[in-house]
Every structure is written in structure tokens, then in C-alpha cells.
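Working through the structure, step by step
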Amino acid sequence: MDDIAVGPLDLAARVDDALAVQAVAFGLSAEEVGVRRHIVLRHLTCPGARALGATTGDGRLVGFVYGMPNDRAHWWSTIVEPYLRATGYESWLDDSFVITELHVHPAFQNRRIGRTLITSITADADEPRSILSAVDRESPARALYRKLGYQDLARQVHFPSAPMPYAVMGAELPLLG
């Protein structure tokens, strides 16, 4: 990570750069990127929303994370709430910091950038725990989350229009190093 700097990101100003990273990392179509652009900009108006970016020496954004204190009225919470209620973890929707998105460009993965982004953004959280959703399959992302202390709270969570199921994961803060 020696040539990558992690720090505060004006995500509204660099939303297109961030979504370009997400598109490559997550395989999004141009149409999906357009939809997500509006979602990201709306999320940034939520109280407590903040973002960090990972940039190269010449200013290229190669990774980002953003999140906010959870609000049960938000769309994501309304979708995951019945799944968490069924597993006995509904209380995790209260007093938690949500990792809304975390993506690192594939050419820059396996360099501790994702770990640095998520541990840095949660280090400043006022909430005692963090929650997130990730595609419900074994992946480097899920392995990283487990190493940081996240555990599965609910699996086989289906979001409208998502082709595959997700897992909701939660961790006490601070995250494990």
C-alpha cells in the first residue's frame, strides 16, 4: 500500500470515479451505474454519512468506502429486517454503523486497501457495532470481513432485482486488526 493514500473522500464530487471502480470490481452495467449514482448521492444527504478513498500518487481513485449510522426507515433496513428478526439479530439494526459500499479496483486488490478503508471508516464511528451486506458466497471480501470480526447475522437475503442472495454480517467495534 506504499503508493496508495487512504483519506477523506468528497464522494459527491468524485461519484463517477467511485462508480467506475465499483463497476469494474462488481461487474456493473452502464445502466446499473446510472441507477447507483442517484442512490449514492441520496445517501450522502443522510446524517452522519461519510466516505474514504484510496488514491494513487497521481490522484487516481482505486478504492472507496462509504457508510452511515443505520436508520430503520432506510430501504436497506426495511429489506433486511425480516431476515434479522427471523435469526434473532433484529437489534443489530439499532445503534450500528452501516458499511454501504466498499470496493477496490481489481488491479489493486490484495494490498490491504480494503482492510484499511473499512477499519479506518469504522474507527471514527460513534456506534458500538457495524453491519453490512455481502454476496452470500465464499469470497475474498467475506473472508476479510470474518478476519475483522464480522459474523453472519442472516443468510440468503434477497434484495429486489439482485440476481443472487446476500448475507448480512455484523461486528462489534472496534474491528479486529
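The structure we're discussing is the one just above.
Residues numbered from 1 in each chain as written. Predicted model: local features only at pLDDT ≥ 70, side-chain atom pairs only at ≥ 80, totals over all residues. Heavy atoms only, no water.

1. Some thoughts on the sheet that holds strand S6 (residues 151–157)
How we decide: At least two DSSP bridges between two strands are required for those strands to pair. By the criteria applied, helices consist of DSSP H or I runs no shorter than four residues and strands consist of E runs no shorter than two, each listed in order from the N terminus. Each axis is a line fitted through C-alpha atoms, and for a helix only the stretch in contact is used; angles between axes span 0 to 180 degrees, taken between their N-to-C directions. Whether two residues touch is decided by their heavy atoms; if any such pair falls within 4.5 Å, the residues are in contact.
Strand order across the open sheet formed by seven strands is S1-S2-S3-S4-S5-S7-S6, with mixed pairing between neighbours. Of all strands in the sheet, those bounded by a partner on one side alone are strand S1 (4–8) and S6. Strand-to-strand, the axes of this sheet are offset by a mean angle of 20 degrees, without reference to chain direction. The sheet strands contacting helix H3 (residues 75–87) are strand S4 (96–104), strand S5 (129–135), S6 and strand S7 (166–172), and the helix crosses S6 at an angle near 110 degrees.

2. Some remarks on the pairing of S5
Our working rule: Partly exposed residues are those whose accessible area sits between 20% and 50% of the maximum for their type, while under 20% is buried and over 50% is exposed, using a 1.4 Å probe and protein chains only. When the strands point away from the viewer, a crossover counts as right-handed if the route from the first strand across the helix to the second turns clockwise.
Of all seven residues that make up S5, six are buried, and the element is covered over most of its length. Summarising the sheet, S4 and S5 pair through four bridges and their orientation is parallel. Opposite Ile 99, over in S5, you have Leu 132 as the bridge partner. Considered for its hand, the β-α-β crossover made up of S4, helix H4 (residues 113–123) and S5 is right-handed. As paired strands, S5 and S7 are joined by seven bridges and run antiparallel to one another. Bridge pairing links Val 135 to Tyr 166 in S7.

3. Considerations on the side chain of Ser 96
Inclusion rule: In protein, a polar contact means a hydrogen-donor-capable atom and an acceptor-capable atom, both N or O and within 3.5 Å, with residues adjacent in sequence counting only if both atoms are side-chain atoms; elsewhere, any N or O pair within 3.5 Å suffices.
Along the chain, the position of Ser 96 falls in strand S4. At a separation of 3.4 Å, a polar atom in the side chain of Ser 96 contacts the side chain of Arg 129.

4. Regarding H4
Turning to H4, its buried residues number three or more, namely Ile 113, Gly 114, Arg 115, Leu 117, Ile 118, Ile 121 and Thr 122. Close packing links the buried residues of H4 with S1, strand S2 (50–56), strand S3 (61–69), S4, S5 and helix H5 (140–147).

5. Some points on the nonpolar core
Threshold: What we call a nonpolar core is a set of buried Ala, Val, Leu, Ile, Met, Phe, Trp, Tyr and Cys residues that are connected through their side-chain atoms within 4.5 Å.
Among the nonpolar cores identified, the biggest contains 25 residues, and Ile 99, Leu 117, Ile 118, Leu 132, Tyr 145 and Tyr 150 are the most heavily contacted of them. Counting only elements with at least two residues in this core, the list comes to S2, S3, S4, H4, S5, H5 and S7. Discounting chain neighbours no more than four positions away, the residues touching Tyr 145 are Leu 102, Ile 118, Leu 132, Ala 134, Tyr 150 and Met 169.

6. Digging into the environment of Val 168
Within the secondary structure, Val 168 is located in strand S7. If sequence neighbours within four positions are ignored, Val 168 has contacts with Trp 76, Val 80, Leu 84, Leu 132, Ser 133, Gln 151, Asp 152, Leu 153, Ala 154 and Val 157.

7. Observations regarding the pattern of salt bridges
For the record, the criterion: What makes a salt bridge here is a side-chain nitrogen of Lys or Arg within 4 Å of a carboxyl oxygen of Asp or Glu, nothing more.
Counting across every chain of the model gives 13 salt bridges. With a shortest N-O distance of 2.8 Å, Arg 37 and Asp 16 are connected by a salt bridge. Highlighted residues: Arg 37 in helix H2 (residues 30–43) and Asp 16 in helix H1 (residues 15–26), separated in sequence by 21 residues. The class for Arg 37 is partly exposed, based on a relative accessible area of 30%. In this structure, Arg 142 and Asp 152 form a salt bridge, with 2.7 Å as the shortest nitrogen-oxygen distance. Here Arg 142 is found in helix H5, whereas its partner Asp 152 is found in strand S6, with 10 residues between them in sequence. Shared partners join several salt bridges into a network, and the residues in it are Arg 72, Glu 81, Arg 85, Glu 90 and Asp 94.

8. A closer look at the packing of aromatic side chains
Note the threshold: Note on aromatic pairs: the rings of Phe, Tyr and Trp (six-membered ring only in Trp) are paired at centre separations within 6.5 Å, and the planes decide the class, stacked below 30 degrees, edge-to-face beyond 60, tilted for the rest. Criterion for a charge above a ring: Lys NZ or Arg CZ within 6 Å of the ring centre, and within 35 degrees of the ring normal.
One pass over the structure, following the stated rule, counts three aromatic pairs. Consider the rings of Tyr 145 and Tyr 150, whose centres lie 5.8 Å apart with planes at 65 degrees: the pair is edge-to-face. Residue Tyr 150 is classed as buried on the basis of its relative accessible area of 3%. Seen from their ring centres, Phe 159 and Tyr 166 are 5.2 Å apart, and the 85 degrees between their planes marks the pair as edge-to-face. With respect to class, Phe 159 is no different from Tyr 166; both count as buried. Following the ring pairs from residue to residue traces out a cluster consisting of Trp 75, Phe 159 and Tyr 166. Above the plane of the ring of Trp 92 lies Arg 129, whose end atom (NZ or CZ) is 4.7 Å from the centre.

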